[in-house]
Amino acid sequence: MPTLGRSLRSPETALQSGYLCTLLAVRLARNVLGLILVTASTAPNPEIHALVPKGILLFVVLAGANVALTHYRQRNSVEGARF
């Protein structure tokens, strides 16, 4: 645990690493969902085809969350650089 204490010296760096982990998780979920949607759209089963619009909506929501997290992280890093 001493390594963790050295890498996270302040609450700001802990918050930054939390943003980065969340951003990575959202991007990973969005990419996996995209791969699932590509294969689901070609499936012959009509029940799976019925789920594709919901999957696309979830994909758009994840993309919006990704944009919001990226914008908030960049805004905080610019404000931190001013001081």
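Scroll up for the structure.
A brief structural summary. This is a predicted model, so every value here is computed, not measured. In this numbering scheme, every chain counts its residues from 1 along its sequence in written order. Residues qualify for local features only when their pLDDT is at least 70, as the model is predicted, and side-chain atom pairs are given and counted only at 80 or more; totals for whole chains, interfaces and linings, by contrast, use all residues. Only hydrogens and water are removed before side-chain values are computed, so all heavy atoms of the structure are retained for them.

Turning our eyes to something else, we now look at the overall build of the protein. By definition, any uninterrupted DSSP run of H or I lasting at least four residues is a helix, any uninterrupted run of E lasting at least two residues is a strand, and each is numbered from the N terminus. Scanning the protein from terminus to terminus reveals three helices and zero strands. When its helices and strands are written in sequence order, the protein yields α-α-α. Among the 83 residues that make up the protein, the fraction classed as buried is 18%. Should any heavy atoms of two residues lie within 4.5 Å, those residues are counted as being in contact. For the protein, contacts bridging at least 24 residues in sequence account for 63% of all contacts bridging at least 6. Note on areas: Shrake-Rupley with a 1.4 Å probe; residue coverage comes only from the protein chains shown. Split by element, the accessible area of the protein, about 6300 Å² in all, is 71% carbon and sulfur. Buried, partly exposed and exposed residues are distinguished by accessible area as a fraction of the type maximum, computed with a 1.4 Å probe on protein chains only: under 20%, between the cut-offs, and over 50%, respectively.

This paragraph deals with the side chain of Arg 30. Structurally, Arg 30 is set in helix H2 (residues 11-41). Accessibility expressed as a relative area gives 19% for Arg 30, which makes it buried. Setting aside residues up to four positions removed in sequence, Arg 30 forms contacts with Phe 59, Leu 62, Ala 63 and Asn 66.

Let us look at a nonpolar patch on the surface. A cluster of nonpolar side chains, Leu 28, Val 32 and Ile 36, forms an exposed patch at the surface whose accessible area comes to about 270 Å². Secondary-structure assignment places Leu 28 in helix H2. Only residues whose relative accessible area exceeds 30% and that form no salt bridge are eligible for patches; like-charged ones are grouped when within 9 Å, while nonpolar side chains (Val, Leu, Ile, Met, Phe, Trp, Tyr) are grouped when within 5 Å. Just to be clear on terms, a salt bridge is a Lys or Arg side-chain nitrogen sitting within 4 Å of an Asp or Glu carboxyl oxygen.

The next thing to look at is the nonpolar core. In terms of nonpolar packing, the biggest core is built from nine residues, these being Tyr 19, Leu 23, Val 26, Leu 33, Leu 37, Ala 40, Val 52, Leu 62 and Leu 69. Taken together, the elements giving at least two residues each to this core come down to H2 and helix H3 (46-82). Ala 40 has contacts with Ile 48, His 49 and Val 52, leaving out every residue within four places of it along the chain. Nonpolar cores are built from buried Ala, Val, Leu, Ile, Met, Phe, Trp, Tyr and Cys residues. Side-chain atoms within 4.5 Å join them into one set.

Take the environment of Tyr 72 next. Structurally, the position occupied by Tyr 72 is in helix H3. Tyr 72 gets classed as partly exposed once you look at its relative accessible area, which sits at 34%. Along the sequence, Tyr 72 and Tyr 19 sit 53 residues apart, while their C-alpha atoms lie 9.0 Å from each other.

Within the secondary structure, Thr 70 is located in helix H3. Using a relative accessible area of 18% as the deciding quantity, one classes Thr 70 as buried. Apart from the residues within four sequence positions on either side, Thr 70 is in contact with Leu 23 and Arg 27.

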